[in-house]
Structures are given as C-alpha cells and as structure tokens.
Amino acid sequence: MDRISNLPIDLKHKILCKLPIKEAVRTTVLSRSWKHSCDMLPHLVFDDRCCVSYVKDEKNKRKRETKFYHIVDQVLSLQENNTSLVTFKLSHRNEHVDTQHIDRWIRHLSRTSVRVVALEQWHGSLYHVSSRLFSCRDLQYLEFFGCSLKIPSSFEGFGKLSSLDIQKSTIEEGGLEKLISCCPLLETLIVLNCDGIAHLSIDAPNLKYLDIGGAFEDLNIENSLNLWYVGINQLKASGSFRNLLTYLVQLSRLKRLKIQGCFLQCAVYSLKEELPKPNLCLKYLCLCICLTTVHEILAAIHLLRSLPALEDLELSVRQGDGDAFPPGGITSWLNDNQNWDKFSQLRRLKVTIFIAGARNEVDLIKYLLLSSPALQELEITARKPDPAIGKSKSLLDDFQKCKFTKLRVVKLSGISGVESEIGLVTFLLRCSPRLQKMTIQPGSISSSREREVFRELLNLRRASRRAVIEYLDPMTESESDSDSDSDSDSDSDSDSDSDSDSDSDSD
C-alpha cells in the first residue's frame, strides 16, 4: 500500500485541489481507498484544463464541448452529500457553454452551502443567470463575466457577501443598487464595462475597495466612509458627478485613488477651489488628464494641493480639445496664477502617453520635477513626436537652480531622440548627484542619424559617478500598446498598508 493512500481524507482533498478537476476525478479508479476521494471536494474549478487544448476539426470541437459539460456533470454527481463545498468556478474560455447546462449546475449549488461562485462566459451570447443562484444564502464571493442579471422580486439579499465582481455583463436599470443594498457586509465591489448601468448610486457602509468603469450619466457614492481604494474609469465625456470627487478626496481612510478616462473632465466644476481640509492619508494617485483644457488643469491643481502626503503619482495624458493656454505654456501659466506648494513627500512619478516634444507635456514634466525635492524614481513613457509640435523652452535653462539629491532611478521608454528629450536626459544627468541607473528604451530607430543620437546619450556628462545608463532595444508595437493601456486595468494593488516608509532615503 502506498503512503498517499493512507493519508487522512482532509489531506487528500488538499492534494486533489491542486490538480485540474479532470485529473482529480481520475484518482477515483486508482484503488478502493480512492473510490470516494472526490465526493467531498471543497473547491471545484472547471476551466480549460478540463478539456484537450488542441482541436483539429469541427467534429473534435463539438466533441470537446461535450466532454467539458460531461466532466462537470460527473463531478457534481459525486457531490450530492458534500456539506463542505466552498468554491464553484466555471471559466471555459475556448467554447460557449449552453444555458441549460449552467442552469442545471446552479440548481445543484442552490442545495449546498457554497460560499464562492464565479461564472465566466467568454464566448457566444450572455448567460442569463438563473434565479436559483439568488437563493444561495451563504455566498461570500460572487463573480459574473459575460452574464445577464435580473434580480428576482423575491430576492432577500446575500447577508454574508463581502465581494461582488461584475464585468462585461448586463444588468437591469436599478438592479445593481438593489443588489448592493441587500449585501450589508459588502467590502469589495468591482463593476467594469457593463451595459444597462447609466445611473449608479452606491450606498455601502462597509465598502473598502471600489473599482468601477463605464459610460455613466450619473454617479453618486455616499455612506462609504471605510473606502481605502477607489478606481473610476469614465468612458464618455459627459455625465453628472456633482461633488463626487470632493467627497472621495475627503475620505479619511482613502489611501489609493485612480481616476481614468474622462472622469476629471466631467468633474472639473466640483473642484473649483482648494479643499478646506487636506487629506493626510492618501499616498497614491493615478490621474488621466488633458493638458489643453484649462479647467482640467485647474481641477488637478486643487486636487494635488489637497494631498500633502502624496508619495506616488501616475499621470496619463490624453488628447482632447479645450481652452488654450496663454503664451508660455503650463509652466508660465501656473507660475503667474498659482501659489504652489512643493510636493515634499512625492517619491515616485510616472507619466504615460507623453508626446515627445509637445510643449504642454514638457512643461508639465519640468514643473513636477522642480516641485518634487524628495523624488526617488521617475518613469516617462513617450510616443513618436508630431512634426507639427513646436519647440519648448530648454530644461537646461534651470540647471543652475536645480538639484535632485534623492533621485535614484530614471526610466525613459518610447523616446525618439528629439531635442526636448535630449534636453531632458542631459538635465537629469547633470542635476542628479545620487543617480544610480537610467534606462533608455527608444520607440523606434528608423535612420542612422537616430542611432547616432542614442549612442551620444551614453556619453553624456553625469553628476553622479555611480550613474549607469542602460540602453534597451527599441519598443515593439505590443510593448507600446501595453504601456498605453497599463493604467487600467482593474487595479489589483495589494492593501495600501504596504505603502510603508521603506522607500525613504537612508542616506
């Protein structure tokens, strides 16, 4: 008799949970002691590993789908007396799963005390979620992808649900509010790219993590004072957000805020002046902004001035139309109109979709650098320059009055060797006596002249003897696209309590 067969049943279940379901079921034929090994599995995950990964023709394709739902049926038939079922996840990315099969499986789940359910329909029509799922009173985690939801009139709520994730699905108007209000313990809410949600009002006293994105016409959050992370991606440049941004920034426990898409454009009038009370907790801000719109710049100024503890700033520059700045660009306008305080705590600055040579973008980089004496890490991702873009004032004009004594790491990606970029590299090397590493990755090299320009960068004079310039191969098209889209994504950052003072300079 082998040693594994004599292990306690709970230990066998832990081993089986590490295997794909198809392989776990096969253990039932090993010996008599393994015959009922799959009868009480706590975690059931049905994904592409349940089926063959290679298909030659349509006949085999249909055969694979049959094999998939047969595996689910076979496993569930063994779970009739399973009182310890915790997780049921359905995520078959290669084929559409018929509604009749999923309904049958949910009917089985409704007779259990399952706590985690994830339904992901990746192909074909949306799955219309069976009303029986809403009778699973012990649910703690619920995920929908590619589903259509209609809340039953008899629904009394999920009294134990703490996490709700809905993506690329549809839900009836008002249905999401009803679902949220019936989940008193809800702590995590993710709603991304869903149809049918034009007006959304969130009232969740225990909510801590919120990530929402869509073409909202009206969005309101209230009675959610425990939020530590908020991510909002507004997909259209219209909508009413009242004083939502002001409300969020004044949350005393908020540590991470991510504003994407056109949200700032829609919320500019909610930040007409500096907030009366600064937020001393928020350390991370990701902001999508149009630098040709005066009102957006002004709203961003008021927002940033209200965050004296900010340590990590990511700016995503988007294109758009708006009121033009007076002559002199952003820097001159800010100097003439604002009594700006320095970002005394800012340690990391990242700017994406930075158009090489664009006057507003160059002025913005310059101003942030001059206002961030504690900056340790700088990252800039550029796109190919526009030939119509005019020249900016050289950063080297500020060489004598500027020293970045904390700056250690600089990463420049997608640059093309235009004059403003060469000036930026020279400026950073001359003004950073503690610099350790600068990474340069061009967007492309189309001529021998450009190649020579990048070679010259490696020989520029440096204030730091330890500074190393690392030259990487040009960015591929996929790398450029991923950089442009990276600030999305539902943010899956870990709890911001990890934002410690470990980055502080010990020198």
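Residues numbered from 1 in each chain as written. Predicted model: local features only at pLDDT ≥ 70, side-chain atom pairs only at ≥ 80, totals over all residues. Heavy atoms only, no water.

Draft legend 1. Focus on the overall build of the chain. When its secondary structure is counted, the chain shows 13 helices and 21 strands. Looking at the chain residue by residue over its 507 residues, the buried ones come to 51%. Put simply, 69% of the contacts in the chain that link residues at least 6 apart link residues at least 24 apart. (Helix = DSSP H or I, 4+ residues; strand = E, 2+ residues; numbered from the N terminus. Buried < 20%, exposed > 50% of the residue type's maximum accessible area, 1.4 Å probe, protein only. Contact = heavy atoms within 4.5 Å.)

Draft legend 2. Up close: the pattern of salt bridges. The final tally for this structure, using the stated rule, is 10 salt bridges. Two residues, Arg137 and Glu156, come together in a salt bridge whose shortest N-O distance is 3.2 Å. Here Arg137 is found in the loop between β4 (127-128) and β5 (141-145), whereas its partner Glu156 is found in the loop between β6 (147-149) and β7 (163-167), with 19 residues between them in sequence. Residue Glu156 is classed as exposed on the basis of its relative accessible area, which comes to 63%. (Salt bridge = Lys/Arg side-chain N within 4 Å of Asp/Glu carboxyl O.)

Draft legend 3. Representation of the side chain of Ser91. Structurally, the position occupied by Ser91 is in strand β2 (residues 87-92). Among the polar contacts listed, one links the side chain of Ser91 to the side chain of Trp122, at a separation of 3.3 Å. Among residues more than four places away in sequence, those in contact with Ser91 are Phe46, Asp47, Asp48, Glu120 and Trp122. (Polar contact = N/O pair within 3.5 Å; in protein donor to acceptor, adjacent residues only side chain to side chain.)

Draft legend 4. Region of the structure containing the pairing of strand β16 (residues 312-318). With seven of seven residues buried, β16 is to be regarded as a mostly interior element. What you see with β16 is no split at all: Asp312, Glu314, Ser316 and Arg318 on one side and Leu313, Leu315 and Val317 on the other are buried throughout. Sheet topology places strand β15 (residues 284-290) next to β16; seven bridges connect them, and they run parallel. By the bridge assignment for β16, Cys286 is matched with Glu314. Crossover β15 to β16 through helix α8 (residues 294-305) is right-handed. (Pairing = 2+ DSSP bridges. Right-handed = clockwise from strand over helix to strand, strands pointing away.)

Draft legend 5. Seen up close, the environment of His92. With respect to the element layout, His92 can be found in strand β2. Here His92 falls in the buried class, since its relative accessible area comes to 1%. Taking the C-alpha atoms as reference points, His92 and Gln121, 29 residues apart in sequence, are found 7.0 Å from one another.

Draft legend 6. The arrangement of the sheet that holds β6 in detail. Taken together, the three strands give an open sheet; going across it, the order is β4-β6-β8, and neighbouring strands pair in parallel fashion. The open sheet has two free edges, formed respectively by β4 and β8 (170-171), since each of these has just one partner strand. Here β6 pairs with β8 via two bridges, running parallel. Each residue of the ladder has a partner; that of Ser148, found in β8, is Thr170.

Draft legend 7. Region of the structure containing the confidence of the model for the chain. Predicted confidence across the chain gives a mean pLDDT of 78, with 69% of residues reaching 70 or more. Segment residues 487-507 is flagged for pLDDT under 50; beyond a separation of four residues in sequence, or across chains, it makes 41 contacts in the model. (pLDDT = per-residue confidence, 0-100.)

Draft legend 8. Structural context of the environment of Cys290. Note on placement: Cys290 falls in strand β15. Accessibility expressed as a relative area gives 1% for Cys290, which makes it buried.

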